[in-house]
Amino acid sequence: MHYVIYCMDDPSTPNARDQHYAEHRAHLAAATVKLLVCGPLTAVSSEKRVGSMLLVEADDISDVKAFAERDPFYVNRVWNDVQIHPFVKSTDNR
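Only a predicted model underlies this, so the values are computations on that prediction, with no experimental measurement involved. Think of each chain on its own: its residues are numbered from 1, step by step along the sequence as written. For a predicted model such as this one, the threshold for reporting local features is a pLDDT of at least 70, and the threshold for listing and counting side-chain atom pairs is 80 or more; totals across whole chains, interfaces and linings nevertheless cover every residue. Hydrogen atoms and water are omitted, and side-chain values are computed over all heavy atoms in the structure.

(A) Expanded view of the nonpolar core. We call a set of buried Ala, Val, Leu, Ile, Met, Phe, Trp, Tyr and Cys residues a nonpolar core when their side-chain atoms join them within 4.5 Å. Accessibility here uses a 1.4 Å probe with only protein chains present; expressed as a share of the type maximum, an area under 20% marks a residue as buried, one over 50% as exposed, and anything in between as partly exposed. Counting 16 residues, the largest nonpolar core has Tyr3, Ile5, Leu54, Val56, Val64, Phe67 and Ile84 as the members making the most contacts within it. Secondary structure follows DSSP: runs of H or I at least 4 residues long count as helices, runs of E at least 2 residues long count as strands, and numbering of each begins at the N terminus. Of all elements in the fold, only strand E1 (2-9), strand E3 (49-57), helix H3 (61-70) and strand E4 (79-87) reach the threshold of two or more residues within this core. In this view, valine 64 contacts Tyr3, Ile5, Val33, Val56, Ala58 and Ile84; residues no more than four positions away in its chain are not counted. Whether two residues touch is decided by their heavy atoms; if any such pair falls within 4.5 Å, the residues are in contact.

Below you can see the structure in the form of structure tokens.
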């Protein structure tokens, strides 16, 4: 099943993303779920990174939650809002 992990950064810690970026990338490289698409969310008016979005595949939402909660961005409070939703792909125009 597919899941979206939607994360918004904590605006009170603007430098935390840069401080934990290498750890976050290592976590993604060792993913326990299948990463389909992932990347930063940016502000509408600039390229400032304000969050993250990951589309993953996993057998169960508990696996996705565990993966997200081990992410250094989660552990070190880069993200202050993390939402996980099942995702049903209905169109793929690639």
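(B) Inspection of the side chain of histidine 24 at higher detail. Note on placement: histidine 24 falls in helix H2 (residues 21-29). In contact with histidine 24, not counting residues within four places along its chain, are Asp71, Pro72, Phe73 and Trp79.

(C) The sheet that holds E1, seen in detail. As summarised here, the arrangement of the 4 strands in space is E2-E3-E1-E4, forming an open sheet in which the pairing is antiparallel. If you trace the sheet from one side to the other, it starts and ends with strand E2 (34-42) and E4, each paired once. Pairwise comparison of adjacent strand axes, ignoring direction, gives a mean angle of 15° for this sheet. Any two strands are treated as partners once DSSP identifies two or more bridges connecting them. Across 7 bridges, E1 lies against E3 in antiparallel orientation. Opposite tyrosine 6, over in E3, you have methionine 53 as the bridge partner. Here an axis means a line fitted to C-alpha atoms, over the contact stretch when the element is a helix, while the angle between two N-to-C directions is reported on a 0 to 180 degree scale.

(D) Molecular detail of a negative patch on the surface. Together, Glu57, Asp59, Asp60 and Asp63 line one region of the surface with negative charge. Mapped onto the secondary structure, glutamate 57 falls in strand E3. Overall, glutamate 57 belongs to the partly exposed group, its relative accessible area being 33%. Patch membership requires over 30% relative accessible area and the absence of a salt bridge. Like charges are linked within 9 Å, and nonpolar side chains (Val, Leu, Ile, Met, Phe, Trp, Tyr) within 5 Å. The method behind every accessible area is Shrake-Rupley, applied with a 1.4 Å probe, and residues are considered shielded solely by the protein chains displayed. By definition, a salt bridge exists where a carboxyl oxygen of Asp or Glu is found within 4 Å of a side-chain nitrogen of Lys or Arg. Counting rule for charge: Lys and Arg are taken as positive, Asp and Glu as negative, and neither His nor the chain ends is counted. Think of each charge as sitting on NZ of Lys, CZ of Arg, CG of Asp or CD of Glu.

(E) Spotlight on the environment of lysine 89. Topologically, lysine 89 is positioned in the segment after E4. Within the structure, lysine 89 has its side chain in polar contact with the side chain of aspartate 92 (distance 3.4 Å). As used in this structure description, the phrase polar contact means that two N or O atoms lie within 3.5 Å; if the pair is within protein, one of them must be able to donate a hydrogen and the other to accept it, and residues adjacent in sequence are counted only when both atoms belong to side chains.

(F) How the structure looks around the layout of surface pockets. In this analysis the probe radius is 1.4 Å and the grid spacing 1 Å, with only protein atoms considered; a cavity is a set of points the probe fits into but cannot get out of, a pocket is an open set with protein on both sides within 12 Å along at least five of seven lines, and lining residues have an atom within 4 Å of a point. Grid points are joined across faces, edges and corners, and a volume is the space filled by probe spheres set on the points. Taken as a whole, the largest pocket encloses approximately 210 Å³ of empty space. Around the largest pocket, the lining residues are Asp9, Asp10, Pro11, Thr13, Pro14, Asn15, Arg17, Asp18, Lys48, Arg49 and Val50. Elements supplying a minimum of two residues to the lining of the largest pocket: helix H1 (16-19) and E3. Its residues placed into classes, the lining of the largest pocket shows 3 nonpolar, 2 polar and 6 charged. Gly is put with the polar residues, along with every residue not named as nonpolar or charged; the nonpolar set is Ala, Val, Leu, Ile, Met, Phe, Trp, Tyr, Cys and Pro, and the charged set is Asp, Glu, Lys and Arg.

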